[in-house]
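Chain residues, written in single-letter form:
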Amino acid sequence: AVQAGTGRLVGVEHPDAAIDALTAVETTARSAMHEMRQILTVLRADEDQGASVTPTPGLDDLPALVTQVAGAGIDVDMRVDGEPRPVPAGVGLAAYRIAQEALTNVIKHAGGAHASVLLRYSDDAMLLEVRDDGPATGFTTAAGGHGLVGMRERAAVHGGELTAGPDPHGGFVVTARLPVKPASA
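Note that the coordinates shown come from a computational prediction; the quantities given were computed from them, not determined experimentally. The residue numbers shown here count from 1 along each chain, following its written sequence. At least 70 in pLDDT is required for a residue's local features to be given in this predicted model, at least 80 for side-chain atom pairs to be given and counted, and no such filter applies to totals for whole chains, interfaces and linings, which use all residues. Where side-chain values are given, they derive from all heavy atoms of the structure, hydrogens and water being excluded.

(A) Layout of a nonpolar patch on the surface. Patch membership needs two things, relative accessible area over 30% and no salt bridge, and members are linked within 9 Å if like-charged or within 5 Å if nonpolar (Val, Leu, Ile, Met, Phe, Trp, Tyr). Residue-level accessible areas treat just the shown protein chains as cover; the underlying method is Shrake-Rupley with a 1.4 Å probe. For salt bridges, the criterion is a side-chain nitrogen of Lys or Arg within 4 Å of an Asp or Glu carboxyl oxygen. A surface patch of nonpolar side chains, amounting to about 370 Å² of accessible area, comprises M36, I39, L40 and L43. By definition, any uninterrupted DSSP run of H or I lasting at least four residues is a helix, any uninterrupted run of E lasting at least two residues is a strand, and each is numbered from the N terminus. With respect to the helices and strands, L43 occurs in helix α2 (residues 15–49).

(B) Layout of the confidence of the model for the chain. Averaged over every residue, the pLDDT of the chain is 83; the share at 70 or more is 83%. With pLDDT under 50 throughout, residues 138–145 is counted as low confidence; its partners more than four residues away or in other chains account for 20 contacts. Per-residue confidence from the prediction method is given by pLDDT, with values spanning 0 to 100. Contact between two residues is taken to exist if any of their heavy atoms lie within 4.5 Å; hydrogens are not considered.

(C) Examining the sheet that holds strand β5 (residues 172–179) more closely. Pairing between two strands requires that DSSP report at least two bridges joining them. The strand order β1-β2-β3-β5-β4 describes an open sheet built from 5 strands, whose pairing is mixed. Both outer strands of the open sheet, β1 (75–81) and β4 (161–166), are each paired with one neighbouring strand and no more. The average angle at which neighbouring strand axes cross in this sheet is 10°, direction not considered. Strands in contact with helix α3 (residues 62–71) are β1 and β2 (114–121); relative to β1, the strand with the most contacts, it is inclined by about 165°. Those strands touched by helix α5 (residues 147–156) are β4 and β5, and its axis lies near 150° from that of β4. Every axis corresponds to a line fitted to the C-alpha atoms, with the helix fit spanning only the stretch in contact, and the corresponding angles, defined between N-to-C directions, vary from 0 to 180 degrees.

(D) Broad picture of the side chain of D132. By secondary structure assignment, the location of D132 is in strand β3 (residues 125–132). As a buried residue without a salt bridge, D132 has its nearest oppositely charged side chain in R131, at a separation of 8.8 Å. Here the side chain of D132 touches G134 through a polar contact of 2.8 Å, landing on its backbone nitrogen. Residues within four places of D132 in sequence aside, it is in contact with V106, A110, A113, H114, A115, G170, G171 and F172. Relative accessibility thresholds used throughout: buried, under 20% of the residue-type maximum; exposed, over 50%; partly exposed, between the two (1.4 Å probe, protein chains only). In this tally, Lys and Arg are treated as positive and Asp and Glu as negative; His is ignored, and so are the chain termini. The definition of a polar contact used here is a pair of N or O atoms within 3.5 Å, where within protein one atom must be able to donate a hydrogen and the other to accept one, and adjacent residues in sequence count solely through side-chain atom pairs.

(E) Fine view of the environment of L103. Structurally, L103 can be placed in helix α4 (residues 89–109). In sequence terms L103 and V117 are 14 residues apart; their C-alpha atoms lie 8.8 Å from each other. Contact partners of L103, with chain neighbours within four places excluded, come to L65, V69, V76, A115, V117 and V130.

(F) Inspection of the pattern of salt bridges at higher detail. Per the counting criterion, the structure on display carries 5 salt bridges. R177 is the salt-bridge partner of D124, the closest N and O atoms lying 3.7 Å from each other. Residue D124 is found in the loop between β2 and β3, and its partner R177 is found in strand β5; the two are separated by 53 residues along the sequence. Residue classification places D124 among the partly exposed positions, given a relative accessible area of 39%.

(G) Structural view of the layout of surface pockets. Cavity and pocket criteria rest on a 1 Å grid covering protein atoms alone: a 1.4 Å probe that fits but cannot get out defines a cavity, protein on both sides within 12 Å along at least 5 of 7 lines defines an open pocket, and an atom within 4 Å of a point defines a lining residue. Grid points are joined across faces, edges and corners, and a volume is the space filled by probe spheres set on the points. The calculated volume of the second largest pocket comes to roughly 170 Å³. Lining the second largest pocket we find G58, L59, D60, D61, M78, V80, P84, R85, P86, V87, L119 and Y121. Counting residues per element, the ones that place at least two in the lining of the second largest pocket are β1 and β2. Each residue belonging to the lining of the second largest pocket can be placed in one class, and the counts come to 8 nonpolar, 1 polar and 3 charged. By the convention adopted, Pro, Cys, Tyr, Trp, Phe, Met, Ile, Leu, Val and Ala count as nonpolar, Lys, Arg, Asp and Glu as charged, and the other residues, Gly among them, as polar.

(H) Local environment of the nonpolar core. In these notes, a set of buried Ala, Val, Leu, Ile, Met, Phe, Trp, Tyr and Cys residues joined through side-chain atoms within 4.5 Å is what counts as a nonpolar core. In terms of nonpolar packing, the biggest core is built from 33 residues, with L59, V76, I98, L103, M126 and L128 touching the most fellow members. Put simply, the parts of the chain that give this core at least two residues each are α3, α4, β2, β3, α5 and β5. At 8 residues, α4 tops the list of elements feeding residues into this core. Apart from residues no more than four positions distant in its own chain, L128 is found in contact with A95, I98, A99, V117, L118, L119, V174, T175 and A176.

Given below as structure tokens:
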């Protein structure tokens, strides 16, 4: 607030000082938003897990999730492209929860569909894609979940992005791109 007031007061006579003040406001606001998203992620993760004492899920748990979905009667497969590498625990949890929410929606809304999970590593990012070939209708928040909004928040808190919508070739696709540190040479 002090920086914004400074920018307002000096803007006309000292535009460079106003720009510096507004830059400080922007940096502080972005930092506060990042911290708030992290807090919300932790709170939602706690809510999702209840009183469970099981370890926080991550990328290593995706095959078990796929097996669980297959046990629910969905024809689902998983593929990993690129060289798997360690990612921060928060990124792994975000990817897991995004896949979990997307696959839950396949079960609920695309019954009888084939689903696929793709995990692709590149030098500076990890791509998670969950796609199905069922009808692209009725995609909403799963019971107890946070739906598309929650998936987008989980990606954004780590500097990533999420897209979701009908696939032009049929079905529905959820794609999350999560930045990760480049693989060491």
